[in-house]
Each structure stands twice: as structure tokens, then as C-alpha cells.
Amino acid sequence: MGPTLDQMLVLSAALFGIGMIGTIVRRSTIAVFMSIELMLNAANLAILAFGRAHGVMEGGILVFVVMTVAAVEVGVGLAILVALFYFRDSTNLDEIDQLKG
Amino acid sequence: MASLAFGILALLTIASALAVVFLPRTFQSAVWLMVCLITIAGHFLLMGSELVAVLQIIVYAGAVVVLFVFVIQLLNMDPQETPVRLHARRREWAVRVAVVFALVVGLFALLRGAPAASHAGPPVLDFEHIRQLCALFLSQHLLAFELTSVLLLAGIIGAVLLAKKEYLKR
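Draft legend 1. Structural detail: the confidence of the model for chain A. Averaged over all residues, the pLDDT of chain A equals 89, while 97% of them reach at least 70. Least confident of the elements in chain A is helix 3 (residues 58-88) of chain A, whose mean pLDDT is 90; most confident is helix 1 (residues 5-25) of chain A, at 94.

In C-alpha cells:
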């Protein structure tokens, strides 16, 4: 038993939407990162729901890979954030608007 | 029964996701992100993927959230936050600790009551699913597995390089 595919997809879409709103409206870089994590998790939910609906095990494998990508992304992203703070003394996205080294 | 559990979990997921996005302090966002990720692990469990649920808690609710909190505190991202003076807000903290304690005790009581209810049905946990998943991952999808490890290595090297003082001074 458990939730149906439709229920999971509605939840996943809602979570993805909330994450997308977060990436657009927040000014703090780290809050944008967290919103991106929300979107990745919404994708994971959809992947696993589809895998279960089709009766294949590959869904779990794909979720595992996505999870690794997300962990690496957070590690490198936060390192970039620390370096950025070293140069600018700020992580406000409105103040970081040029790509000069 | 399962649909009730799904409803409660889904409500918690959406509410905590909204809290992550709309609470002003980044530290509060990080704590609610942890709640959200744990409820998503609950969804994975409901869908019958125990391995993915456990990995979700270890990797996301554990490592990733700790990394977020670490960077928030390191860069002092909530400048309006003054250091907490425990003795000045004693009553508030007593209430918080009491609520958490009650929740933990309640959860424990719930879990103690659970096996009696599940004796009627088939056993919930069976590790055959995990064994099959891992066998599939290490045979048919070995390339993806190896690429994952290469990606992790690249991530480690990149993070160390970016955080090095010599690189930053350049």
C-alpha cells in the first residue's frame, strides 16, 4: 500500500514550487541554497514514486545518484560561499552582481 | 491508515518547506530544512524504500544540514542575533525543553505500541529489497556507481582548493 502516484506527484510539484519561490525571492545566498535542496528533494520524491508505479528498482538507484550530486553541490557551493565572504564581506545576492575576479 | 499517515506527513513537509523559504533568519530556515528532509525520509519509507530513507536521514538531515548550520555560524549570517543569554530567558527555554522532552517521550510510547498493532499484518521490514537494490547497483549500473565516486572525489578536491588560504590570497 502507501500513497498513490497522483498524491506523490502533487506533493512533489508543491515542494518544487515552494523551492522555486525561495530561489527567486530570498536575498541570502544560503537560503537560496536551501531552496535548491528543496527542489532536488521534490525531484527525488517524483523519481521514487514513478519507479514504484512502474515496478522497477532503478528509481532507488537514480535517487542515490541525485543525492550524491546534491551533497557534492552543497560542499562545493558552501566553499564558494566562504571564499566569496572572504572577498566581499557579504553574501547578499543583490550586492554580488558582477563576475570580476 | 496509510493514507492518514501520508496526509499528516505531507502536511508537515509542505509546512516546513514554507518555513524554510519564508522565515527571515537563515538559522531558523536550516532547522526547518532538517524537519522537512526527515519528513521526506518518511515519504520514502511509506513508498517502501527503506535504504533510500535511511540514506536521506544520514546524508541530508545529518551531513548537509550540519554543513549549512556550520557555514551560517562561521559567516555570522544573522547579525541581528545577539548571543543567547540563557539565564535571562530561563522560562522560555524551560518551555522549549519540556516540549521537546514530551515529544520524544510521546514518540517512544508510540513506537513501543507499534509492534502490537503490526503483528496482524505481514512483517514490515524485509531486507530482500535492499539486497536486490544493491545487487542491481553493483552489476548493471556499475558505471553510475563509479562515476558517483569520481564526482565525490572532484567535489572534495574542489572544496579544499576553494577554501585554501593561498588560493584566496591570489
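Next comes the rest of the description.
Draft legend 2. Inspection of the domain arrangement of chain B at higher detail. Domain boundaries in chain B define domain 1 (2-124) and domain 2 (126-170). The junction of domain 1 of chain B with domain 2 of chain B conceals about 400 Å² of combined surface from both sides, 66% of it contributed by carbon and sulfur atoms.

Draft legend 3. Expanded view of the packing of aromatic side chains. Inspection of the entire model under this criterion finds two aromatic pairs over all chains. When the ring of F64 of chain A is compared with that of F137 of chain B, the centres are 5.0 Å apart and the planes differ by 85°; the resulting orientation is edge-to-face. Note that F64 of chain A is positioned in helix 3 and F137 of chain B in helix 5 (residues 128-139), a pairing that runs across two chains. Accessibility expressed as a relative area gives 25% for F64 of chain A, which makes it partly exposed. A relative accessible area of 8% places F137 of chain B in the buried class. Aromatic side chains F137 of chain B and F145 of chain B sit 5.3 Å apart centroid to centroid with 85° between the ring planes, which places their arrangement in the edge-to-face category. Within the aromatic cluster, the residues linked to one another by ring pairs are F64 of chain A together with F137 and F145 of chain B.

Draft legend 4. Examining the side chain of Q56 of chain B more closely. As for its position among the elements, Q56 of chain B is in helix 3 (residues 50-74). One polar contact links the side chain of Q56 of chain B to the main-chain carbonyl oxygen of L37 of chain B, over a distance of 3.3 Å. Apart from residues lying up to four places away in sequence, Q56 of chain B is in contact with N41 and M67 of chain A together with L37, I40, A41, F44 and A61 of chain B.

Draft legend 5. Quick peek at the nonpolar core. By size, the foremost hydrophobic cluster in this structure holds 44 residues, and its most contacted members are I30 of chain A together with F44 and F68 of chain B. For this core, the elements supplying multiple residues, two or more each, are helix 1, helix 2 (29-54) and helix 3 of chain A together with helix 1 (2-22), helix 2 (26-46) and helix 3 of chain B. Here the element with the most residues in this core is helix 3 of chain B; it accounts for 10 residues. The contacts of F44 of chain B, once residues within four sequence positions are left out, are N44, L45, L48 and M67 of chain A together with S49, V52, A53 and Q56 of chain B.

Draft legend 6. Up close: the pattern of salt bridges. Residue and element names in this part refer to chain B. In total, this model carries two salt bridges over all chains according to the counting rule given. R131 serves as the salt-bridge partner of E128, at 3.1 Å between the closest nitrogen and oxygen. Of this pair, E128 and R131 both sit in helix 5, three residues apart, which is roughly one turn of the helix. Classification of R131 by relative accessible area gives exposed; the value is 51%.

About the cut-offs
- Residues numbered from 1 in each chain as written.
- Chains lettered and ligands numbered in written order.
- Predicted model: local features only at pLDDT ≥ 70, side-chain atom pairs only at ≥ 80, totals over all residues.
- Heavy atoms only, no water.
- pLDDT = per-residue confidence, 0-100.
- Helix = DSSP H or I, 4+ residues; strand = E, 2+ residues; numbered from the N terminus.
- Domains from an automatic or database assignment.
- Buried area = accessible area lost by both parts, 1.4 Å probe.
- Phe/Tyr/Trp six-rings, centres within 6.5 Å; stacked < 30°, edge-to-face > 60°.
- Buried < 20%, exposed > 50% of the residue type's maximum accessible area, 1.4 Å probe, protein only.
- Polar contact = N/O pair within 3.5 Å; in protein donor to acceptor, adjacent residues only side chain to side chain.
- Contact = heavy atoms within 4.5 Å.
- Core = buried A, V, L, I, M, F, W, Y, C linked by side-chain atoms within 4.5 Å.
- Salt bridge = Lys/Arg side-chain N within 4 Å of Asp/Glu carboxyl O.

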